[in-house]
Number of protein chains: 4
Amino acid sequence: MMTLQDAKDFFQNDRFATNMGIEIIEVGEGYAKCRLPVSDALKNAGDSVQGGALFTLADFAFAVAANLQGNLTVSVHNSISFLKPSKGTVLFGEARVVSQAKRMCFYEVSVTDELGTLVATMTVTGYTKLP
Amino acid sequence: MMTLQDAKDFFQNDRFATNMGIEIIEVGEGYAKCRLPVSDALKNAGDSVQGGALFTLADFAFAVAANLQGNLTVSVHNSISFLKPSKGTVLFGEARVVSQAKRMCFYEVSVTDELGTLVATMTVTGYTKLP
Amino acid sequence: MMTLQDAKDFFQNDRFATNMGIEIIEVGEGYAKCRLPVSDALKNAGDSVQGGALFTLADFAFAVAANLQGNLTVSVHNSISFLKPSKGTVLFGEARVVSQAKRMCFYEVSVTDELGTLVATMTVTGYTKLP
Amino acid sequence: MMTLQDAKDFFQNDRFATNMGIEIIEVGEGYAKCRLPVSDALKNAGDSVQGGALFTLADFAFAVAANLQGNLTVSVHNSISFLKPSKGTVLFGEARVVSQAKRMCFYEVSVTDELGTLVATMTVTGYTKLP
């Protein structure tokens, strides 16, 4: 399984997530936690963090968690609920495996902030490409 | 209803979408079409356009289409399917209303490229805040 | 590909759908249409057709459409929007393929009634088990 | 808040769920647990419990949990993942509130069996009709 440093090295090549400021801060078996500092560059016309930024944080946490074992796993279907706008300054995306079969997997991801607000939840259906 | 220019003016304040390079190119009743030129800055570690960028394009097209009438409408739940990676250089997000009740609405959004590939489809459950 | 009669013969063994009164009325490439007469037995406590009955009709239409080619295809993730209660006496579920890769497929399903009301829409992520 | 007996009395009028054999066994704040004995009448052509029966159990558990407070709350969008077929003889649907705002709410529902298998998970976006 990849270490935290392995994951950081591999995923720094995800230019979209890296440019946004997303950082991997913890990995474990079927688990990853990422952080994203909130800045004006992430805001929508209503001055909230854009849904796309929340999605990206959540999907990136999934991608890290699901790829730690080495076989390429991609998002097939993602279902995200936007619960409450954040008033915080840092967002966290935490992905946890729910079920992993040979090719199909299911993850749950939460997006929270440093104030403890549950901002969004996402379920991901992933597909693992076997060698 | 907002004109194309009204929508451009209003949504240029969506800094996340604007910085990514998303542009509104067409609006109509319950409809919006946006474009996003593909660049390396949108790529993931596997060198495909990041799912978060596809989601942002699709959700932004929804936001434009759903807000043309003037009452603030936000995404409550989005469900996105990633069908096929794009090999194109420009992506298009097209949102169409399926159903609009007093407060709840449903939209379908497609993401395609200039080669005609259907890259992703999304359904959005939106909520309209009445004055 | 299965004919309409082949599909009827195979799926009459789906006791849950058959007992509810669901009938296959049309099949085509990546397509199936089913019908379900509305009766009190399908109603919820609010006297509308139960969401589970609408889901079953939609998922069954998907199952028929996706299995016409012979390789077993199952629902992995279904995402259903309940648009408007039906005031009709017959419901129709129509499933259409959006994308079919080697193992993963995506279908869109609509549920309508004889009055032309669009009652529900569903997207299905399916998985094809290869021999 | 409704008691268990109140909920049983109210929901016995859900003829679709009642006829299937679904029973409410526990309620709490934003919570409900229901049970469904597995019988041949719930099976699909592949001899597994039909996805529609699993959905109905899960959605019914949501409906109970979300309506205990008295204001009518309905499913707007449901997103269900089918994780693993059950080999058990009894299924349980457990719904828990994730977030409840004035009109929109979000619930998570699990479907398990007496063997401890996690058969399906569902997220529900609900809408509360205020008087």
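Residues numbered from 1 in each chain as written. Chains lettered and ligands numbered in written order. Predicted model: local features only at pLDDT ≥ 70, side-chain atom pairs only at ≥ 80, totals over all residues.

Considerations on the interface of chain B and chain A
The interface of chain B with chain A comprises 30 residues on the first partner and 30 residues on the second. At the level of elements, α1 (4-11), α2 (15-20), α3 (51-67) and β3 (73-82) of chain B are the ones that each hand at least two residues to the side of chain B that touches chain A. For the side of chain B that touches chain A, the residue count by class is 13 nonpolar, twelve polar and five charged. The pairing of strand β3 (residues 73-82) of chain A with β3(B) spans five bridges and is classified as antiparallel. Residue pairing in the sheet places N78(A) in a bridge with I80(B) of β3(B). (Contact = placed C-beta atoms within 7 Å. Helix = DSSP H or I, 4+ residues; strand = E, 2+ residues; numbered from the N terminus. Nonpolar A, V, L, I, M, F, W, Y, C, P; charged D, E, K, R; others polar. Pairing = 2+ DSSP bridges.)

Digging into the relation of the copies chain A and chain D
With an RMSD of 0.0 Å, the operation that places chain A on chain D is a rotation of 180° combined with a shift of 0.0 Å along the axis. Each copy turns onto its partner about a two-fold axis. Taking C-alpha positions as reference, the residue of chain A nearest the rotation axis is S79(A), located at 3.6 Å. The share of interface residues of chain A whose copies in chain D are also at the interface is 100%, consistent with both copies meeting through the same surface. (Least-squares fit on C-alpha atoms with pLDDT ≥ 70 in both.)

Description of the relation of the copies chain B and chain A
It takes a turn of 180° to lay chain B on chain A, together with a shift of 0.0 Å along the axis; the resulting RMSD is 0.0 Å. Both copies present the same face, since 100% of the interface residues in chain B are matched by interface residues at the equivalent positions in chain A.

Quick word on the sheet that holds strand β4 (residues 90-100) of chain D
Taken in spatial order, the twelve strands make up an open sheet running β1(C)-β2(C)-β4(C)-β5(C)-β6(C)-β3(C)-β3(D)-β6(D)-β5(D)-β4(D)-β2(D)-β1(D), and their pairing is antiparallel. Unpaired on one side and paired on the other, β1 (23-28) of chain C together with β1 (23-28) of chain D mark the two borders of the sheet. Adjacent strand axes in the sheet meet at a mean angle of 20° when their direction is disregarded. Looking at chain direction, strand β4 (residues 90-100) of chain C and strand β5 (residues 104-113) of chain C are connected through nine bridges and run antiparallel. Within the sheet, the bridge partner assigned to F92(C) lies in β5(C) and is T112(C). (Axes fitted to C-alpha atoms, helices over the stretch in contact; angles between N-to-C directions.)

Describing the nonpolar core
Core analysis: the largest hydrophobic core is formed by 182 residues, its most contacted members being V64(A), V64(B), V64(C) and V64(D). With residues up to four places along the chain from it excluded, the contact list for V64(D) reads A7(D), F11(D), I24(D), V27(D), A32(D) and C34(D). (Core = buried A, V, L, I, M, F, W, Y, C linked by C-beta atoms within 7 Å. Buried ≥ 20, exposed ≤ 12 C-beta atoms within 10 Å, placed from the backbone.)

Some words on the environment of M20(A)
Among the secondary structure elements, M20(A) is positioned in helix α2 (residues 15-20). Sequence separation of M20(A) and Y107(A) is 87 residues, and the distance between their C-alpha atoms is 23 Å.

As for the confidence of the model for chain A
When the pLDDT values of chain A are averaged, the result is 97; 100% of them are 70 or greater. For this predicted complex, the interface score ipTM comes out at 0.97, alongside a pTM of 0.97. (pLDDT = per-residue confidence, 0-100.)

Concerning the interface of chain A and chain D
Quoted interface sizes are often the accessible area lost when the parts come together. Every contact between the two is made by eleven residues of chain A and, on the other side, eleven residues of chain D. Of all the secondary structure elements, the ones that give two or more residues to the side of chain A that touches chain D are β3, β4 (90-100) and β6 (118-128) of chain A. By residue class, the composition of the side of chain A that touches chain D is four nonpolar, six polar and one charged.

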